[in-house]
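Examination of the molecular architecture
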Amino acid sequence: GIPGIRVMAPKSTRFVIDCTTPVSDAVFDIAEFEKYLVEHFKAGKGAIAGDIDGKVTITREKSKIVVISVDAFAKKYLKYLTRRYLKSVELRDIIRVLRKDAKAYHLTYYASLDEE
């Protein structure tokens, strides 16, 4: 290399989607959601859905989905995919996706009028 120039190792980004509430109520199938993310995730510009070899790792830890990516991508893309999945299984009117912190989302129920 060139003297005085450091080569940085690629920094991986880790995002978490916490599905604890709907999974514990047996409303949400986390295994099916994980499969959906793997099949529909596009890693990079012009990428084909599902072609994530080595660039993105999607795993399930109990009732959480962990997405680790070598390339940078917008966290909002995870929210988009989650909302698309909820719509496809007709849970979009019941479950919402909220920001938990800078690197995490969590699924929760909409407040219903019946609970008041």
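Scroll up a little and you will see the structure.
Residues numbered from 1 in each chain as written. Predicted model: local features only at pLDDT ≥ 70, side-chain atom pairs only at ≥ 80, totals over all residues. Heavy atoms only, no water.

Attention now goes to the pairing of strand β5 (residues 104-109). In this structure, strand β1 (residues 13-18) lies alongside β5, joined through 3 bridges in parallel fashion. Along β5, the bridge assignment pairs Ile 17 with Tyr 105. Direction of pairing for strand β4 (residues 95-101) relative to β5: antiparallel, over a ladder of 6 bridges. Paired with Arg 99 across the strands is Tyr 105, a residue of β5. Between β4 and the antiparallel strand that follows it, β5, lie 2 residues. (Pairing = 2+ DSSP bridges. Helix = DSSP H or I, 4+ residues; strand = E, 2+ residues; numbered from the N terminus.)

Below, the discussion takes up the pattern of salt bridges. Tallied over the entire structure, the rule returns 3 salt bridges. A salt bridge links Glu 61 to Arg 14; its shortest N-O distance comes to 3.9 Å. Remark: Arg 14 occurs in strand β1 and Glu 61 occurs in strand β2 (residues 56-61); sequence separation between them is 47 residues. Glu 34 is the partner of Arg 60 in a salt bridge, and the nearest nitrogen-oxygen pair spans 3.3 Å. In this pair, Arg 60 is assigned in strand β2 and Glu 34 in helix α2 (residues 30-40), connecting sequence segments 26 residues apart. Among the residues examined, Arg 60 registers a relative accessible area of 39% and is labelled partly exposed. (Salt bridge = Lys/Arg side-chain N within 4 Å of Asp/Glu carboxyl O. Buried < 20%, exposed > 50% of the residue type's maximum accessible area, 1.4 Å probe, protein only.)

An α-helix turns once per 3.6 residues; consequently, residues spaced three or four apart project the same way. The terminal C-alpha atoms of helix α3 (residues 75-88), which comprises 14 residues, lie 21 Å apart, in line with the 20 Å expected from a rise of 1.5 Å per residue. Within α3 the residues assigned to the buried category are Lys 75, Leu 78, Leu 81, Thr 82, Tyr 85 and Leu 86. In an axial view of α3, the angular spread of the buried residues amounts to 140 degrees, which keeps them on one side of the axis. Counted as exposed and oriented over 90 degrees from the buried face of α3: Lys 76 and Lys 87. Those residues of α3 that are buried are in contact with β1, α2, β3 (64-69), β4 and β5. A positive backbone phi angle near 60 degrees is found at Glu 90, which sits one or two residues after α3. (Expected span 1.5 Å × (residues − 1). Arc of directions from axis to C-beta. Contact = heavy atoms within 4.5 Å.)

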